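Spelled out from the first residue to the last, the chains are:
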Amino acid sequence: MAGSKTKDYYSTLGVKKTASADEIRKAFRKLARKYHPDVNPGDKKAEERFKEISEANDVLSDEKKRKIYDQVGFYSDNIDASAAEAYARGGAGHGGFQGFGGGAGQAQGVPFDFEGFDFSGFQGGGKNAARAEGFGSSFRDVFSGMFGGRGRQARGPQPGTDLEYQVEIDFWTAIRGGVTRLEIHRQEPCPACKGKAVTGGSMQCPECHGTGQVTQMGGRMKFSIQCPRCGGSGSVQNACPTCAGAGVVTRKEPLQFNIKPGTRDGQRIRLAGKGNAGTEGAPNGDLYLIIKVGAHKLFRRVGDDIHITVPVTAMEAALGSKIEVPTVDGVGAETGRATLRIPPGTQTGQKLRMREKGVASATREGLRGDQIVEVKIVVPQVQDERSKEILRELQRLNPQNPRAEMLAEV
Ligand SMILES: [Zn+2]
Ligand SMILES: [Zn+2]
């Protein structure tokens, strides 16, 4: 039977079955240094050996894979941990395989054969092995778990994955729009193999000799499984050396795009087809840009509204006045100005709304946010006697206690 062998990963790495993860790692490193293709250029034997120790390390250095390997006697991505557990228990003679009819069969569409399968352990001498009753349910349970997953697929067109980048833009660019540049790293179809991941003509798979199936030993059982090397297709091709068989290469790409006026912080911009390239004609992924808008020392942006704190004298607030305040209107870094009416008796902390003096909406044409002005009253710092006298006079005329209400509460 082609490719029929049980690989002893422990002896491949020269460690005991009880070896710790650290011992396995050290053993692999030592062997890898010795057999690495870079230190043995052109040496096919070293290359083969390097592949073997890499495979052994791949399984033994992974706690979950190692457990399955220990329980079943080989490792395949198609075997899940619970199936391996069930198999290990069944194989130990707990009768998990009763009612089996013998010969080759099919469960859940996955072929396996039972050549060399020893039933005596399950049926007390094998006298019942000839009973042609088909599979018992317990048998099927074990195998459907073991081989229920989809087998490794042969390579085919793979759609590109999406990319996501955070883009920082300044306060003004977000409001007025503009052009932003950034550099992205994205996968493009490999120029050498045109995204096919392989070069040269195909040849018969050396692992399964073109059958697409290999046999693995699992304790006393022999399984036919899909050949992991060729994915069941029976033929292999050399991996493209330029892209190491990935079909894509990563390139830096300068990107320039327009920021719409009114763009908000946290906004997501989708550039269709600008993500990683698909292989063999499969579609590209998309590029998502997450906008991060910078701050401004005067203006604070809340959605399409602009918040600003404006100082007002006690007299302006008490008597009412018309003052000039900065707005986001204007050209370049220069801000615009607009007149705001302060009503008589305005208090500190009071908020006054300036309609449609905020940011023009990026999504709803013709709409504009407001500017919210928070009044901060500045008390006059009087030095001269005349001013002090006027303030004392003012106090006599307005003998109010602003704390009266507060004091009445306690
Ligand atoms: Zn390539
Ligand atoms: Zn094969």
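Note that this is a predicted model, so its numbers are computed, not measured. (Residues numbered from 1 in each chain as written. Chains lettered and ligands numbered in written order. Predicted model: local features only at pLDDT ≥ 70, side-chain atom pairs only at ≥ 80, totals over all residues.)

Attention now moves to the overall build of the chain. For the chain, the count of helices and strands is 11 helices and 17 strands. The buried share among the 410 residues of the chain stands at 24%. Look at the contacts in the chain between residues 6 or more apart in sequence, and 65% of them connect residues 24 or more apart. (Helix = DSSP H or I, 4+ residues; strand = E, 2+ residues; numbered from the N terminus. Buried ≥ 20, exposed ≤ 12 C-beta atoms within 10 Å, placed from the backbone. Contact = placed C-beta atoms within 7 Å.)

What follows concerns helix H10 (residues 385–397). The first and last C-alpha atoms of H10 sit 18 Å apart over 13 residues, in line with the 18 Å expected at 1.5 Å per residue. With 0 of its 13 residues buried, H10 lies for the most part at the surface. (Expected span 1.5 Å × (residues − 1).)

In any sheet, the strands associate via hydrogen bonds between backbone groups, in a parallel or an antiparallel arrangement. The 4 strands lie next to each other as E12-E13-E17-E16, forming an open sheet whose pairing is mixed. Each having just a single partner strand, strand E12 (300–302) and strand E16 (351–354) make up the two edges of the open sheet. Going from strand to strand, the sheet's axes swing by 35 degrees on average, the running direction of each strand aside. Sheet analysis places E12 next to strand E13 (residues 305–313), joined by 3 bridges and oriented antiparallel. Along E13, the bridge assignment pairs Arg-300 with His-307. (Pairing = 2+ DSSP bridges. Axes fitted to C-alpha atoms, helices over the stretch in contact; angles between N-to-C directions.)

Caution applies to low-pLDDT regions: their predicted coordinates should not be interpreted in detail. The predicted model of the chain has a mean per-residue pLDDT of 80, with 81% of residues at 70 or higher. In the model, residues 91–154 has pLDDT below 50 throughout and makes 88 contacts with residues more than four positions away in sequence or in other chains. (pLDDT = per-residue confidence, 0-100.)

Moving on, we get to the pairing of strand E7 (residues 221–226). Buried residues dominate E7, accounting for 5 of its 6 residues. Note: strand E6 (residues 213–218) against E7, 6 bridges, orientation antiparallel. Each residue of the ladder has a partner; that of Thr-215, found in E7, is Ser-224. Linking E6 to E7, which pair antiparallel, is a turn of 2 residues; within it Gly-219 sits at a positive phi near 65 degrees.

Trans is the common state for peptide bonds, and a negative phi is the common state for residues other than glycine. Residues other than glycine seldom take positive phi values, yet His-209 does so here, at roughly 55 degrees. Relative to the assigned elements, His-209 resides in the loop between strand E5 (198–204) and E6.

This part is about the packing of helix H2 (residues 21–35) against helix H3 (residues 44–60). The contact between H2 and H3 brings their axes to 9 Å, and the two run at 165 degrees. Viewed along their axes, H2 and H3 adopt a mutual orientation that is roughly antiparallel. Between H2 and H3 lies a crossing of left-handed hand. Taking contact as the criterion, the partners of Ile-24, Phe-28, Leu-31, Ala-32 and Tyr-35 in H2 are, on H3, Ala-46, Arg-49, Phe-50, Ile-53, Asn-57 and Leu-60. Taken together, the residues of the contact of H2 with H3 sort by class into 9 nonpolar, 1 polar and 1 charged. (Parallel < 35°, antiparallel > 145°, perpendicular 65-115°, else oblique. Left-handed = near helix turned anticlockwise from the far one by under 90°. Nonpolar A, V, L, I, M, F, W, Y, C, P; charged D, E, K, R; others polar.)

A few words now on the nonpolar core. What tends to happen in soluble globular proteins is that the nonpolar side chains get buried as a cluster. Ranked by internal contacts, the top residues of the largest apolar core, which has 21 residues, are Leu-13 and Ile-53. Elements represented by at least two residues in this core include exactly helix H1 (9–13), H2, H3, helix H4 (63–72) and helix H5 (81–91). Apart from the residues within four sequence positions on either side, Ile-53 is in contact with Thr-12, Leu-13, Phe-28, Leu-31, Ala-32 and Tyr-35. Counting 9 residues, the second largest nonpolar core, distinct from the first, contains Met-221, Cys-227, Cys-230 and Val-236. (Core = buried A, V, L, I, M, F, W, Y, C linked by C-beta atoms within 7 Å.)

Right, let's get into the pairing of E13. Counted between consecutive antiparallel strands, the loop separating E12 from E13 contains 2 residues, among which Gly-303 sits at a positive phi close to 65 degrees. Here 8 bridges tie E13 to strand E17 (residues 371–378), and the two strands are oriented parallel to one another. By the bridge assignment, His-307 is partnered in E17 with Ile-372.

Before going further, it helps to examine the environment of Leu-163. Along the polypeptide, Leu-163 turns up in strand E3 (residues 163–169). For Leu-163, a count of 19 C-beta atoms within 10 Å puts it in the partly exposed group. Distance in space between the C-alpha atoms of Leu-163 and Leu-271 is 9.8 Å, their sequence separation being 108 residues. Those residues in contact with Leu-163 that lie beyond four places of it in its chain are Ile-184, Arg-186, Gly-275, Asn-276, Gly-285, Leu-287 and Tyr-288.

Taking 1.5 Å of rise per residue, the 17 residues of H3 would be expected to cover 24 Å, and the 24 Å separating its terminal C-alpha atoms lies within 8% of that figure. Of the residues making up H3, those classed as buried are Phe-50, Ile-53, Ala-56, Asn-57, Val-59 and Leu-60. On its buried face, H3 sits against H1, H2 and H4.

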